[in-house]
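Read off the chains here:
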Amino acid sequence: METLKDLVKGVKVDSPTAVLLTTAACGVGALLMVVRTVSGHRAVKDKIQRARSRRTESLQRAEQEVLRYKQSHPSCDSAAILSLSLSELTKHLREGSLCPEDVFYSYMQKTLAVHKELNCCTEILLESFDQLRTIGSNKDGLLYGVPISIKDNVSYKNYDCTCGIIMNLSQPAAKDSVIVEVLKKQGAIPFTKTNLPQALLNYDCSNPIFGQTVNPYNHQKTSGGSSGGEGALIGGGGSILGIGSDIGGSIRIPASFCGICGFKPTTGRLSSQGIIPIYRGQKCVLSAPGPLARDVDSLALCMQALLCDHMFSLDPTVPPLPFNLQTYQSSKPLRIGYFEHDGYTQPPPSMIRGLREVKALLEQAGHTVVPYEPLRVSHAVNELIIKGVFSDGAATLLQKLKGGPLDPCLKPQVVLYSIPNWLKRILGFLLTPFSTRVPPVLSALCGVSSAPEVWKQHAAVEDYISETIAHWRKCNIDVLLCPMIGPAFNFLYCGKLTCLSSLTMIYNLLNFPAGAVPVSTVTAQDEEDLKHLKGLYRDTWEKMHKEVAAETI
């Protein structure tokens with residue numbers, strides 16, 4: 001060490017040389033940073049390309065298998081098979097009037113066609129062909145021989161759960177999720193994974209890996225999200241039953257946009273083991289897996305199949321309560337609460353008309369429908385939902401997105417989340433005289449600052465749930481009829497209109513079961529009425545909502 005010091009002392013450098021050496025060192029450092037950045041970008045591109053190549057290969061393999069089967073079984077009537085409801089299909093399979101092979105290849109062929117049109121699949125599960133050969137061992141299952149699609153974030157052994165982000169690529173699941181295991185036990189055949197938005201927390205359906213999924217009824221519109229691949233595939237006829245997940249409407253919004261049915265159970269009713277979230281540990285607003293299908297009876301059959309001893313054994317945290325078929329089939333008159341807006345989000349006329357039509361039908365069927373006013377929705381959205389989901393000021397989400405390209409559908413949210421907290425507070429203060437809704441959102445996105453604040457947040461959520469249950473009891477209602485987000489939006493609006501999720505996310509906060517069913521389509525009168533819609537706040541968000549609702553390209 002002394003020798004080194006003496007050597008350094010002995011080196012005399014004049015000023016021009018020192019400047020030159022310093023410049024050279026900075027140049028080398030900058031060059032190394034550029035090389036590292038370029039190398040990182042190339043690695044990301046390579047990862048994305050490998051994922052896309054795997055998808056292409058799986059699609060090509062599936063096409064070859066379908067062609068081979070169709071050539072050797074020319075009598076297979078795919079059109080007739082695809083026209084059956086789930087209950088009809090399972091009946092034919094149980095009775096033996098249809099064979100699982102004809103059903104499987106009919107749906108596989110249709111899925112391949114729908115995917116070419118809508119870009120809804122992330123990968124074909126090639127193991128499904130092997131499962132088909134041994135399906136006879138599960139002949140007693142409630143879903144015997146039924147091909148089922150699953151959302152990208154539902155674990156299937158040896159396949160990625162990408163969640164639309166780069167860091168999850170080349171991280172294949174070590175085993176099947178509990179739901180997949182139970183589906184297989186019940187004779188179902190999971191055969192494809194479906195697309196979702198980057199990082200899940202968005203109700204569009206696009207990511208930098210697999211691209212944009214489009215709506216089966218209008219290719220200029222999104223299929224919704226985050227279970228948008230499921231919505232598109234089922235709405236397009238390529239799947240008869242699918243499994244999604246829902247933390248803020250992620251099953252119900254695609255159902256609404258694609259004209260199908262979706263159900264979010266109470267969290268914990270179905271096992272979430274192997275259902276991958278964008279980040280774990282957030283306990284205020286709960287996610288739940290659930291089914292999507294063309295009709296409500298199919299949702300009920302799926303729940304009946306999943307709520308079995310096998311699920312209760314695989315995941316002991318799930319209460320061992322089978323599906324109550326008697327309650328589902330009951331014709332007992334109900335007292336139903338009803339509202340057309342929640343005081344925070346004003347749905348467009350088409351959605352209100354659909355709601356009123358259902359209200360009239362329920363009353364004709366002998367049910368009582370009474371007005372209901374949700375409690376303090378603005379407070380719940382800002383102080384409980386946003387502050388709960390982003391308790392860390394969105395730091396974890398932003399960290400998950402590092403190192404990869406940002407999808408345009410998520411960009412408006414990320415720009416907002418990335419604003420430093422001090423600047424969010426200043427902007428909130430400056431905007432207070434001009435906006436009712438933006439300042440509380442900016443404040444909530446700052447998150448909480450300490451462990452005691454987290455506990456206080458959790459306690460506030462518990463209190464809100466208790467107050468809402470007491471309110472329901474005071475109103476003496478059995479169920480609630482409420483509007484959905486819709487009709488389907490054009491691309492790139494969902495990330496700008498996260499405020500609309502008050503209509504759906506409140507039920508994740510409350511941990512109440514919730515579903516969506518199709519009622520009608522937009523009429524010329526709806527569009528005319530929209531021109532005269534004033535809204536609740538008359539702010540920028542409502543103007544934008546009106547614009548997107550008016551776009552009928």
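It should be noted that the structure appears before, not after, this text.
Procedures and definitions
- One numbering rule holds for all chains: residues counted from 1, following each sequence as written.
- Confidence filtering applies because this is a predicted model: local features only for residues at pLDDT of at least 70, side-chain atom pairs given and counted only at 80 or more, and all residues used for totals across whole chains, interfaces and linings.
- Excluded from the side-chain calculation are hydrogens and water; included are all heavy atoms of the structure.
- The criterion for an aromatic pair is that two Phe, Tyr or Trp rings (for Trp, the six-membered ring) have centres within 6.5 Å, with stacked assigned to planes under 30 degrees apart, edge-to-face to planes over 60 apart and tilted to the rest.
- Numbering of helices and strands runs from the N terminus; a helix is a DSSP stretch of H or I covering at least four residues, while a strand is a stretch of E covering at least two.
- Burial classification: accessible surface area is computed with a 1.4 Å probe over protein chains only, and a residue below 20% of its type maximum counts as buried, one above 50% as exposed, and the rest as partly exposed.
- Convention adopted: a line fitted to C-alpha atoms gives each axis, helices being fitted over their contacting stretch, and angles between N-to-C directions are expressed from 0 to 180 degrees.
- Roughly parallel means an angle under 35 degrees; roughly antiparallel means over 145; roughly perpendicular covers 65 to 115; every other angle is labelled oblique.
- Residues count as neighbours in contact if any of their non-hydrogen atoms are within 4.5 Å of one another.
- By the convention adopted, Pro, Cys, Tyr, Trp, Phe, Met, Ile, Leu, Val and Ala count as nonpolar, Lys, Arg, Asp and Glu as charged, and the other residues, Gly among them, as polar.
- Nitrogen and oxygen atoms within 3.5 Å of one another constitute a polar contact, given that in protein one can donate a hydrogen and the other can accept it, and given that sequence-neighbouring residues count only through two side-chain atoms.
- Strand pairing is assigned whenever DSSP identifies at least 2 bridges connecting the two strands.

## Examining the packing of aromatic side chains
Evaluated as defined, the whole model comprises 13 aromatic pairs. Taken together, a centroid distance of 6.1 Å and an interplanar angle of 45° make the contact between Y105 and F129 tilted. Highlighted residues: Y105 in helix α5 (residues 100-118) and F129 in helix α6 (residues 127-133), separated in sequence by 24 residues. F129 carries the same exposure label as Y105, and that label is buried. A ring pair is formed by F257 and F489, whose centres lie 5.3 Å apart and whose planes are at 45°; its orientation type is tilted. Remark: F489 occurs in the loop between β11 (479-481) and α20 (502-510) and F257 occurs in helix α9 (residues 252-258); sequence separation between them is 232 residues. Judged by its relative accessible area of 4%, F257 is buried. By way of ring pairs, the aromatic residues Y69, F104, Y105, F129 and F191 are connected into one cluster.

## Things to note about the packing of helix α19 (residues 451-475) against α20
Relative orientation of the contacting elements α19 and α20 amounts to 105°, with a least axis distance of 9 Å. Put simply, α19 runs roughly perpendicular to α20. Listed contacts from α20 to V461, Y464, I465 and T468 of α19 are I506, L509 and L510. Residues belonging to the contact of α19 with α20 are distributed by class as follows: six nonpolar, one polar and no charged.

## With respect to the side chain of D526
Relative to the elements of secondary structure, D526 occurs in helix α21 (residues 524-531). Here the side chain of D526 touches T523 through a polar contact of 3.0 Å, landing on its backbone nitrogen. The residues contacting D526, other than those within four sequence positions of it, are P349, S350, R353 and T521.

## A few points about the sheet that holds strand β7 (residues 261-264)
Reading across from one edge, β1-β3-β2-β6-β8-β7-β12 is the order of the seven strands in this open sheet, with mixed pairing throughout. Only two strands of the sheet have a single partner each, and these edge strands are β1 (121-124) and β12 (514-516). On average, each strand axis in the sheet is inclined to that of its neighbour by 25°, with strand direction left out of account. As paired elements, β1 and strand β3 (residues 189-194) share three bridges and run antiparallel to each other. Counterpart to E123 in the pairing with β3 is K193. Across the sheet, helix α10 (residues 296-306) lies against β6 (241-246), β7 and β8 (288-293), angled at about 135° from β8, the strand it touches most.

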